[in-house]
Amino acid sequence: DQQVKQNSPSLSVQEGRISILNCDYTNSMFDYFLWYKKYPAEGPTFLISISSIKDKNEDGRFTVFLNKSAKHLSLHIVPSQPGDSAVYFCAATQTGANNLFFGTGTRLTIIP
Amino acid sequence: KAGVTQTPRYLIKTRGQQVTLSCSPISGHRSVSWYQQTPGQGLQFLFEYFSETQRNKGNFPGRFSGRQFSNSRSEMNVSTLELGDSALYLCASSLVLAGVDEQFFGPGTRLTVL
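Residue positions are given per chain, counted from 1 along the sequence in the order it is written. The naming scheme follows written order: chains are lettered A onward, ligands numbered 1 onward. Residue-level local features of this predicted model are given only where pLDDT is at least 70; pairs of side-chain atoms are given and counted only at 80 or more, and the full residue set underlies all totals for whole chains, interfaces and linings. Excluding hydrogens and water, the side-chain values take into account all heavy atoms of the structure.

Draft legend 1. Region of the structure containing the overall build of chain B. Along chain B, the regular secondary structure elements total zero helices and eleven strands. Helices and strands appear in chain B in the N-to-C order β-β-β-β-β-β-β-β-β-β-β. For 114 residues, the compact-globule estimate of 2.2 N^0.38 gives 13 Å, and chain B sits close to it at 13 Å. Principal-axis analysis of the C-alpha atoms gives chain B an extent of 40 × 25 × 25 Å. Residues classed as buried in chain B amount to 51% of the 114 residues present. Charged side chains in chain B number 11 positive and 7 negative. The centres of these two groups are separated by 6 Å. Runs of H or I in DSSP of at least four residues are treated as helices and runs of E of at least two as strands, each being numbered from the N terminus. This radius of gyration counts C-alpha atoms alone. The globule rule is 2.2 Å times how many residues there are, raised to the power 0.38. The rule is simple: take the accessible area with a 1.4 Å probe, protein chains only, and divide by the maximum for that residue type; under 20% is buried, over 50% is exposed, in between is partly exposed. Positive: Lys, Arg. Negative: Asp, Glu. His and the chain ends are not part of the count. Here the site of a charge means atom NZ of a Lys, CZ of an Arg, CG of an Asp or CD of a Glu.

Here's what the structure looks like:
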């Protein structure tokens, strides 16, 4: 049973525009959420996270929004750059746990 | 500082065989977690080891097992391989008290079962 879902397998965005990647979760016990970026032949690298006590966290061009009532989070990348082309995974966990529940990933392609 | 290393990077096995994958964490990291990545399921948590003890386990059959050595290096073993075990196996390491956002992933071992 997939507890974290990314319903868009792929997304193409023009360079300079905003990229919005979405993620939904079903387990109400999750209280910590993360986004990872993965290039081919490399392991995922941590991008940004958010605790359930917040509804927004920003780090440079990356902002994550959390809507707890809808069990939905999104990652905004502004402006999008060619180097952002990668697969993005959403993940969730409970504070204190060291295991992550991942979504199936969204392949983002930035068009120059 | 060297990153997480996994060996081998690629492996081809046949059904019924068994396989052992190895993971060397970042120096000083004592927690090692293993994940399976398949196209339809994304990354799924297998287990986590800390100080040679399994601390946490995902929902995988007993054919999947692991261990951790005193130098924090970890191995995972899959016995009686099935076609569905074909996947990318990733390990991640972290410090003792680090949260999940301090997990660092290796490049993975691509296992193909024929």
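Draft legend 2. View of the sheet that holds strand β1 (residues 5-7) of chain B. All names here are of chain B. Taken in spatial order, the four strands line up as β1-β3-β8-β7 in an open sheet, and their pairing is antiparallel. If you trace the sheet from one side to the other, it starts and ends with β1 and β7 (64-68), each paired once. Mean inter-strand twist for the sheet, computed between neighbouring axes without regard to direction, equals 20°. As judged from the five bridges shared by strand β3 (residues 19-24) and strand β8 (residues 74-78), these two strands associate in the antiparallel manner. Across the sheet, the residue bridging to C23 is S74, located in β8. For two strands to be treated as a pair, DSSP must find no fewer than two bridges joining them. Axes, fitted as lines to C-alpha atoms, cover a helix only where it is in contact. Angles between the N-to-C directions of the axes lie from 0 to 180 degrees.

Draft legend 3. Molecular detail of the pattern of salt bridges. Residues and elements named next belong to chain A. Salt bridge, as applied in this entry: a Lys or Arg side-chain nitrogen positioned within 4 Å of an Asp or Glu carboxyl oxygen. In total, this model carries eight salt bridges over all chains according to the counting rule given. K37 serves as the salt-bridge partner of D84, at 4.0 Å between the closest nitrogen and oxygen. With a gap of 47 residues between them, D84 in the loop between β8 (72-77) and β9 (86-93) and K37 in strand β4 (residues 32-38) connect regions that are remote in the sequence. Each member of the pair, D84 as well as K37, is classed as buried. For the salt bridge of K56 with E58, the shortest nitrogen-to-oxygen distance reads 3.9 Å. You can call K56 partly exposed: its relative accessible area is 41%.

Function cannot be read off these values alone, since they describe shape.
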